[in-house]
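Secondary and tertiary structure notes
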There are 2 protein chains.
Amino acid sequence: MARAKAQILTIGDELLAGDIVDRNAAHLAARCRSLGLEVHRIVSVADRHDDIVAAVREAARASDVCLVSGGLGPTTDDLTSRAVAAAAGVALARDGEVVAALERFFAARGRTMPPANLQQADRPAGSDRLDNAIGTAPGFSFVLGGRCLVACLPGVPRELDAMMEQQVEPRVRAHVDLQPVARRIYRALGRGESAVQDAIAPAIARLRAGSPGAAAVVVHYRAHTPEILVGFEAVPDAQGRTASSEELCELDAPLQAALGDDLYGIGEADLPTRVVRSLARARLTLATAESCTGGLVGAALTAVPGASAVFPGAIVAYADAAKQARLGVDAGLIAEHGAVSEPVARAMAAGGRAALGSDLCVAVTGIAGPDGGTPDKPVGTVHFALADARGSSHRRLRLHGDRGTIRRASAAWALKLVWDGLVERGLASVQALD
Amino acid sequence: MARAKAQILTIGDELLAGDIVDRNAAHLAARCRSLGLEVHRIVSVADRHDDIVAAVREAARASDVCLVSGGLGPTTDDLTSRAVAAAAGVALARDGEVVAALERFFAARGRTMPPANLQQADRPAGSDRLDNAIGTAPGFSFVLGGRCLVACLPGVPRELDAMMEQQVEPRVRAHVDLQPVARRIYRALGRGESAVQDAIAPAIARLRAGSPGAAAVVVHYRAHTPEILVGFEAVPDAQGRTASSEELCELDAPLQAALGDDLYGIGEADLPTRVVRSLARARLTLATAESCTGGLVGAALTAVPGASAVFPGAIVAYADAAKQARLGVDAGLIAEHGAVSEPVARAMAAGGRAALGSDLCVAVTGIAGPDGGTPDKPVGTVHFALADARGSSHRRLRLHGDRGTIRRASAAWALKLVWDGLVERGLASVQALD
């Protein structure tokens, strides 16, 4: 029994020029997955009439649902409505209610509507309007070729997200017979992709041997350096048999045994969210003292709503003078060991803790490159320390990649050091959290 | 004269599940553009043999170059080599040199090669190997159907990037006749997409009237909230006529006149890069004092290589106590006006400047949400201040969107305030910088 199939079509010159990454495709794909649709293809084309027409027709032939993003704006390169109408073989019709709403939108802001915005009131004749509560571009949907529900959404992320949830998902549920797929994600930080696979292979083999449905489970690996996420999806086999949620949950114990401390969580919740929640539960505060990460660790923590309960702040001491003045790192220590060293990392953590009055403080100092490496301390050398009232723990790593990769990896490892510290203190543990 | 056409094919369950955004597609597209290839389609499919075969065949029929990313790793879901061989109608062949290199790779790290890695030595018979200097998975390339150069690369970004530049681009240059397209990007922060379009429409009309080639220029708008980038591409018209680089450059003056202070730059270089370079040229240092951004402004500045010359550090004072203790903000000021207010923003900037001994300091304090808004100060209210030795300037904004959007927009606006301050002082100006 095949699952209903979806295709995602994103439209925009900026995608084909590589000017932006396609977050809309990722967002729509994630929504489809949680609905139980199988996304079999994502296609991006430029703002060109013929390319859009061809892509919509192709998608409609092969899919039960086609989600289209972009090209509904007011500018001259916004061609989606016209092209989708052509793909459907219908004319464009102007929606008087939308014209009125556009005029109200601009009046409320004390502005005259630019004439260009009028085209946002046009959509294929006979289509359903998808209202946009936030922006000026409504979307539209219709069934093409008797099978495929085509829904067109504006490319502005927050408008797309809201309209997908409020306008499109109810129509998808009404249009196709959905079979949500059970899914379980394991989150590891500490070893590479093939090492993770080798470690968990016996557990996967035992899972597959358990039932015909379990034999069909799809395993996928996602390397988000330095993290590795392993996803298990209970897709149906040719006879429609699937693994149960319970069968997937039975992986927890053997995967924890196989991956040890590298496994920090199960489910969608990321490391910053888990760190913030565990700190909040323990009523502890955490400050950061950052050099090469330049504020990334603080930014990751404060991306979590509610971070204010646990995060008083950060001292970003990029210059050595700031390490001395703001974190109280002894100048002699820097002179003797260098700013990227164990003693300085420990002193930064202790100094940050004192400066911000926190229970814990994590410090990061490293060489992100492209310059600054030496034979002793090559680019990618990073020292971490975690201080509490009793002292500090330390870790030295050699990370790889360009400046951005090393900085992001350093921020992730800093949070992993905090996590490990919380686990040691019995204040955090691997658990399922979405 | 049509340009050589490229298609990008990215492979991976994680893409179709929406687990990751497709940065590889964006990177490869940007490289194609700079080479002078027209990317006409980007397709993503899951790790499924038949889907990969179909996508490769389709791409090869319609394109001169097909770049494939992903599925060359050591895990069981890595199917690209086998599927691409099937699309080409050839067998897989194991490359003894790669087996030896893999064994050396693991030996150098003191590890035994997991058997799974052996499949990385397999590629379609008759293909050229694309060496991977960084990781374990080599790529391969070959010409399919007499027309299309197919190049398969691993999905690990830094491996993909290096191999694209070193291995694939020379082969592309040898395979097709490249016609690089002149391109000019204008970067604005301060008004919305349709307002930008309206303001510059007369300048675009004058450009188009100038020559047949200029009439064919493609204009695209990219909203990266709160920034709007406008790109002009001198693509050929049906007769092969294109605008010259000089014609595009003649847009500079009228666009600057039309957009005023909202236009901060021309070309690829982003706002943090321009701020860091202008500060370095003026021999000034800039610190940050951050609340709602949690370190994002410092992180943006330190993403620029060489930031250490201008950025001593940041004080992230998320809690009010930290604003008082670390930035010297008067408790009475917070009590009277609230932490999100003009007086507190100005005090944070002055205090950060004093604490970090910098010439300038930019401060941000705002309500990122989802909670914490009031009728007086709704979510999205953000105060900015820029302090120097003489005092401070201030700006209050009401930003829109979710927590992440408001935080990113706040960080961008903070840098724009610094930029405007540098422009006022005669230390920065709109200029072309890639």
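Residues numbered from 1 in each chain as written. Chains lettered and ligands numbered in written order. Predicted model: local features only at pLDDT ≥ 70, side-chain atom pairs only at ≥ 80, totals over all residues. Heavy atoms only, no water.

**Focus: the nonpolar core**
- Core analysis: the biggest nonpolar cluster contains 46 residues, and A:L9, A:V150, B:L9 and B:V150 have the highest contact counts within it.
- With sequence-adjacent residues up to four places away left out, B:V150 is seen in contact with B:C66, B:V68, B:F140, B:S141, B:F142 and B:L144. (Core = buried A, V, L, I, M, F, W, Y, C linked by side-chain atoms within 4.5 Å. Buried < 20%, exposed > 50% of the residue type's maximum accessible area, 1.4 Å probe, protein only. Contact = heavy atoms within 4.5 Å.)

**Observations concerning the relation of the copies chain A and chain B**
- When chain A is fitted to chain B, the residual RMSD is 0.1 Å, and the transformation amounts to a turn of 180 degrees plus an axial shift of 0.1 Å. The superposition of one copy onto the other is thereby described by a two-fold rotation axis. (Least-squares fit on C-alpha atoms with pLDDT ≥ 70 in both.)

**Remarks on the interface of chain A and chain B**
- Across the contact, 76 residues belong to chain A and 76 residues belong to chain B.
- Carbon and sulfur atoms make up 53% of the surface buried where chain A meets chain B, a total of about 6,200 Å² over both sides.
- For chain A, the biggest contributors to the area lost against chain B are A:D19, A:R41 and A:Y318; these three give 9% of the whole.
- Along the contact surface separating chain A from chain B lie six salt bridges.
- Residue A:E38 pairs with B:R48 through a salt bridge whose shortest N-O separation is 2.8 Å. (Buried area = accessible area lost by both parts, 1.4 Å probe. Salt bridge = Lys/Arg side-chain N within 4 Å of Asp/Glu carboxyl O.)

**Looking at the pairing of strand β16 (residues 381-388) of chain A**
Residues and elements named next belong to chain A.
- Of all the eight residues making up β16, eight are buried; the element is thus mostly covered by neighbouring parts of the structure.
- Burial along β16 is two-sided: T381, H383, A385 and A387 facing one way and V382, F384, L386 and D388 facing the other are all buried.
- As paired elements, strand β15 (residues 360-366) and β16 share six bridges and run antiparallel to each other. Within the sheet, the bridge partner assigned to V364 lies in β16 and is F384.
- As defined by bridge partners, β16 adjoins strand β17 (residues 391-398) across eight bridges and the pair is classed as antiparallel. Paired with A387 across the bridge in β17 is S392. (Helix = DSSP H or I, 4+ residues; strand = E, 2+ residues; numbered from the N terminus. Pairing = 2+ DSSP bridges.)

**Considerations on the confidence of the model for chain A**
- Scored by pLDDT, chain A comes out at a mean of 94, with 100% of its residues at no less than 70.
- At the level of chain-chain contacts, confidence expressed as ipTM amounts to 0.85, with global pTM at 0.86. (pLDDT = per-residue confidence, 0-100.)

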